[in-house]
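# Chain and residue survey
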Amino acid sequence: RKRIYDTEGESYDPEELLEAYMKFGGMPGIADIGLDTDKALTLLDGVYSTVVVRDILEREKRRGQRQITDPDLLRKIIMFLADNIGNSTSITSIGNTLANEKLLDMNSRKGKPAVQTIQAYVGALLESYIFYEIKRYDIKGREYLRTLGKYYIVDIGLRNYLLGFRDMDVGHVAIGKVSDKEVDFIATNAETKKYIQVTESMNEPSTRERELNPLRKIHDSYEKIVIADQCNNPLTQDGIKIVKLTDFLLDITGNH
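Below or above, wherever it landed, is the structure these notes cover.

Cut-off values and rules
Residues numbered from 1 in each chain as written. Predicted model: local features only at pLDDT ≥ 70, side-chain atom pairs only at ≥ 80, totals over all residues. Heavy atoms only, no water. Axes fitted to C-alpha atoms, helices over the stretch in contact; angles between N-to-C directions. Helix = DSSP H or I, 4+ residues; strand = E, 2+ residues; numbered from the N terminus. Parallel < 35°, antiparallel > 145°, perpendicular 65-115°, else oblique. Contact = heavy atoms within 4.5 Å. Nonpolar A, V, L, I, M, F, W, Y, C, P; charged D, E, K, R; others polar. Core = buried A, V, L, I, M, F, W, Y, C linked by side-chain atoms within 4.5 Å. Buried < 20%, exposed > 50% of the residue type's maximum accessible area, 1.4 Å probe, protein only. Pairing = 2+ DSSP bridges. Polar contact = N/O pair within 3.5 Å; in protein donor to acceptor, adjacent residues only side chain to side chain.

For any two helices packed against each other, the geometry is given by the interaxial angle and the distance between the axes. Relative orientation of the contacting elements helix α3 (residues 71-83) and helix α4 (residues 91-100) amounts to 110°, with a least axis distance of 11 Å. Between α3 and α4, the interaxial angle falls into the category roughly perpendicular. Contact residues: L73, K76, I77, F80 and L81 in α3; S93, I94, T97 and L98 in α4. Across the contact of α3 with α4, the residue classes tally to 6 nonpolar, 2 polar and 1 charged.

It is worth spelling out the nonpolar core at this point. Membership of the largest hydrophobic core comes to 36 residues, with the highest contact counts inside it found for I77, L81, I94 and F131. For this core, the elements supplying multiple residues, two or more each, are α2 (37-62), α3, α4, α5 (115-127), β4 (143-153) and α6 (156-162). The next biggest cluster of nonpolar side chains, apart from the first, holds 12 residues, and it includes V183, Y195, M202 and V226.

Before going further, it helps to examine the pairing of strand β10 (residues 240-244). By the bridge criterion, 4 bridges tie strand β8 (residues 223-230) to β10 in an arrangement that is parallel. Along β10, the bridge assignment pairs I225 with K241. Examined bridge by bridge, strand β9 (residues 236-237) and β10 share 2 bridges and lie antiparallel to one another. Of the residues in β10, the one forming a bridge with T236 is K241. The turn linking β9 back onto β10 is made up of 2 residues, and D238 within it adopts a positive phi angle of 55°.

Here the focus is unusual backbone geometry. Here the phi dihedral of Y129 falls at roughly 60°; this positive angle occurs in a residue that is not glycine. One can find Y129 in the loop between α5 and β3 (131-138). A positive phi angle, close to 55°, is found at D238, a residue other than glycine. Mapped onto the fold, D238 is located in the loop between β9 and β10.

Here we take up the side chain of S128. Mapped onto the elements of the fold, S128 is located in the loop between α5 and β3. The exposure class of S128 is buried, given its relative accessible area of 19%. At a separation of 3.0 Å, a polar atom in the side chain of S128 contacts the main-chain carbonyl oxygen of L125. Not counting chain neighbours up to four residues away, the residues in contact with S128 comprise I56 and R59.

The structure is reproduced here in structure tokens:
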């Protein structure tokens, strides 16, 4: 089995480090505190309070744009996006959910926030690189679709902090649509393209077929990959590379 060594010669199993990363994330400073839960919470709280909230509100004031003035609404939108990572989301659905589930203090408001207001707050989060919007891409039509993209937070540890370390999902970029199937990600640059599926396990035959089928429908020569946390049989099938998550991450860090 592969082992990873730190600067003091201590060795770790890749699975052990992956588990720690999936819990605490990769913010600067996390590795230096010895993965102590209380210290990690303090660090992540500082990142959220200072960078996410205060900097966004202060920056908008400095720019003379008074749209981002409600800390409570900003926090609720952040919580909504963090809780819906990887789900298809529209700006309208954010406002509707916050109002319908009584997540906003409607007594102090004239009504639910306007779509333009929600758009401004989400835009501020994207500009601050706290969240990234992943648009849907019609692979056959070769164009981006305007609706129902997905949002991903910059750091999994920050998400876990916001949600109380519960529901820790193990499961230029786009979401691919091919016929009635969906490809999780399309990564592109000026020269090449990769189609990527991500799943918790590839050990069940039904799961393998579900993840491989959308990639089989793409008839071009670009690389197609399935990344799985649990994978007893990594191989190449029908031209599609099946890779264990720890091996994929180690290969990425090794090349950079």
